[in-house]
Structures are given as structure tokens and as C-alpha cells.
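# Examination of the molecular architecture
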Amino acid sequence: MVYNSFAMVEAYLLFGITMVSDFPFTNRLEKTAWQNGNTPDLTFTCVRQPLIMDDPPGPLLYRSLDRNKIGQSALALYRLDDCDLIRLNGVADFYIWPQQIECHVHESGQLYQVEIGLLGTVLTYWLELRGVLALHAAAVVLNDRAVVFLSENKGGKSSLAATCMQAGGRLLTDDVLAVAETREGFLACPGYPVMRMWPDGAQFFTGGYKNLELAHPKLEKRRVVIGPQGFGHFCAEARPLASIYIPERCSTAEGGLEISILPVSPREAVMALLGCSFAAGLVEVAGLAVRRLDALARLLNSTTVHRLRYPNGYQYLSAVCNAVLADQAGGSNRR
């Protein structure tokens, strides 16, 4: 395969870092000023040839249970002499160093998979190597603090975030939440100004979905741009972490129309955070699990975690948002 270098080099702000890359991203990322000679946190580029010709390229640390279309493990992690290698079988190899990620694409026409892999598993693993927690969560800024909705796919986090945005909140991140520990406490770091919504959600929040780009060629999820000429507003700066909510939707037959915000035990909170961790398997085999658990314990000592139980249906989301806003107002008075 002939693979040419990309001409345009840009600097981006995402997940609390500065990344310089020549990759032609299709998602809208926050750009920042950068000049040659400055040192970014990370550089990302694609290379023409694999850096390691051996197969297997090194000791195998992890192989996913998920399979690709030809029956291979979708993802594998190898430990090389001076870097780690994440292989997305049939897609690309990502060579990971402390300040650099290089990607070798296996087949042409896979750039969309490279972007999905980089902005998901690869970058979250890189962040965890740096001691930054990466969680499945959406976060919005309310009263200048980050309010987090923690859940896996189809858990309701994006709809809750979008509803809070309609009430004046700003999006911090939609799917990957990077949480950095500082001397002042834990900060929720911004992702990038894009949300992914299923057609019914995009229809409800934006008034239409057919003209929106697909977030993935094989899925019906749509890409909703945040900011000018888009939906809502984006916050490009890290914010102190205020509260974490664990959404729990219930049928009206099961729970009626009641909206409840209930504290969870420390054990439940830890299990929820572990269950909604990005790249959890990679973190464990890389020897980061103990450090990560210690960080989660410190996080739980500095913020509140509640279960947010509410009736299923878009028509109830405004009332759910009001309950969250009231809870935040009460929490502000207690702090």
C-alpha cells in the first residue's frame, strides 16, 4: 500500500493535552496555536511502513474477546523494547511512546477506523499511562464546575448532557472523560466539540438527523457538532469536578414518574467507576490497576456520587435536568 504523509500539521487541545498531528481528522477538534520548537504533550502521525516486521511483534499482554469479521481478536496489546503496540487487527498498528504515537495502517480506506481507534482506546490507554483516569462518561459545566453522567453505551449519558446544555450548561465531553489529579484536586478535562446521537436523539435535540454525518459508516449514530452553527456550547477548559451521577432509566410501569437522586455506597461507587473505565483490560495487564484504584479512592474522597433514577422517555428529561440543577444548588450550599 502506498501511504502518503499528510501535508497540514495542526495542534489540538483535547483531554487536557496538546497534540500535534498531520492526520486529517473528520471530527471537529479544538485547535490551538503552535510553532515548531515548542514541545507538545503528544505528536501523532501515520507512517508508510510498519516499525516492527516480526509477527508476533513482541510479548503479547492482552487479546480482546471481541472478534473482527475474519475471526481475529479485534484488539491486541504487545510490549516492545521501547514502546507499547496496540494492534487493531485488520485496521492499524499504534506504536505508543510517552510523547509520541505512530500509526501504520493495514489497509487503505481505513482512516475512519484509525480515527475512532485513536480517539477511543489508544488515547485513553496513553492517558492512563500518564496517570490520567479515562472514564465512559459525558460531562457538562454547570456553575463553572463539571457535572458528570457516568454510563456505558446506551446508558443515557448523552441525552442527559444535551438536556443540561439546553438549560444553559456547556458540553465538556460526550463519551470519554479524562480526569486529571492536581494539587488543587481533580479536574475534568474537555474532549472535543462533537456529540454522537442515535437518530431519535438527534431528531429530538436538533430537529432532524438525516442531514447529519454518520459517526461510523456501519452505525446509524449521527455526529452533532457543538458550538457556532451547531448545537449548544462547548467548554474548552478543564473544570473542577463537582458531582458524578449514575443514570438509571426505568419504565413508567416499574417506577412511575418519580425522579430520585440517591447516594451510593463507596463500594458501589468504586464498582461503577471501574465498570465504566475505558481500556480497563489494557490498564490491568500493563500493571496500572493498583495505581488506578488508589486514584479512584482519592477521587471518591473529593466528590459526590449519586444514582440518578428517572422515567424513560425524552419528555421527562427536562424535569430530570431540573432535579440535577436543584441537587447542584444544594451541594453548592453545603460546600
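Look up: the structure comes first, before these words.
Residues numbered from 1 in each chain as written. Predicted model: local features only at pLDDT ≥ 70, side-chain atom pairs only at ≥ 80, totals over all residues. Heavy atoms only, no water.

### Overview of the overall build of the chain
- Of regular secondary structure, the chain possesses eight helices and 19 strands.
- The C-alpha atoms of the chain give 20 Å as radius of gyration, which agrees with the globular expectation for 335 residues (20 Å, within 12%).
- Taking the principal axes of the C-alpha coordinates as reference, the chain spans close to 60 × 45 × 45 Å.
- Taking all 335 residues of the chain together, 51% fall into the buried category.
- Taking the intrachain contacts of the chain between residues at least 6 apart in sequence as the baseline, contacts between residues at least 24 apart amount to 62%. (Helix = DSSP H or I, 4+ residues; strand = E, 2+ residues; numbered from the N terminus. Rg over C-alpha atoms; globule rule 2.2 N^0.38 Å. Buried < 20%, exposed > 50% of the residue type's maximum accessible area, 1.4 Å probe, protein only. Contact = heavy atoms within 4.5 Å.)

### Some remarks on the packing of aromatic side chains
- Under the definition given, this model contains ten aromatic pairs.
- Judged by centre distance (5.4 Å) and plane angle (80 degrees), the rings of Tyr12 and Phe25 are edge-to-face. With Tyr12 in strand 1 (residues 10–14) and Phe25 in the loop between strand 2 (17–21) and strand 3 (30–31), this residue pair connects regions lying 13 residues apart in the sequence. There is no split in this pair, since Tyr12 and Phe25 are both buried.
- For the ring pair Phe15 and Tyr192, a centre distance of 6.4 Å and an interplane angle of 70 degrees mean the geometry is edge-to-face. (Phe/Tyr/Trp six-rings, centres within 6.5 Å; stacked < 30°, edge-to-face > 60°.)

### Focus on the sheet that holds strand 9 (residues 100–105)
- The strand order across the open sheet built from nine strands is 3-1-2-4-9-8-7-6-5, with neighbouring strands paired in mixed fashion. On the outer flanks of this sheet lie strand 3 and strand 5 (60–63), each paired with one strand and no other.
- Looking at chain direction, strand 1 and strand 2 are connected through five bridges and run antiparallel. Of the residues in strand 2, the one forming a bridge with Leu14 is Ile17. (Pairing = 2+ DSSP bridges.)

### Here we look at the nonpolar core
- With 44 residues, the main nonpolar core has Phe25, Phe44, Ile86, Phe94, Ile101, Val114 and Leu123 as its most contacted residues.
- Among the elements that line this core, the one with the most residues is helix 1 (residues 111–129), at eight residues.
- Sequence-distant contacts of Ile86, that is, excluding residues within four places in its chain, are made with Leu75, Ala76, Leu77, Ala92, Asp93, Phe94, Ile96, Val122, Tyr125 and Leu282. (Core = buried A, V, L, I, M, F, W, Y, C linked by side-chain atoms within 4.5 Å.)

### Concerning the side chain of Thr124
- With respect to the secondary-structure elements, Thr124 resides in helix 1.
- Leaving out residues up to four positions away in the same chain, Thr124 has contacts with Ala134, Val176, Phe278 and Ala279.

### Notes on the environment of Pro59
- Considering the arrangement of structural elements, one finds Pro59 in the loop between strand 4 (42–46) and strand 5.
- Measuring from C-alpha to C-alpha, the distance between Pro59 and Tyr78 comes to 5.5 Å, with 19 residues separating the pair along the chain.
- In contact with Pro59, not counting residues within four places along its chain, are Leu77, Tyr78 and Arg79.

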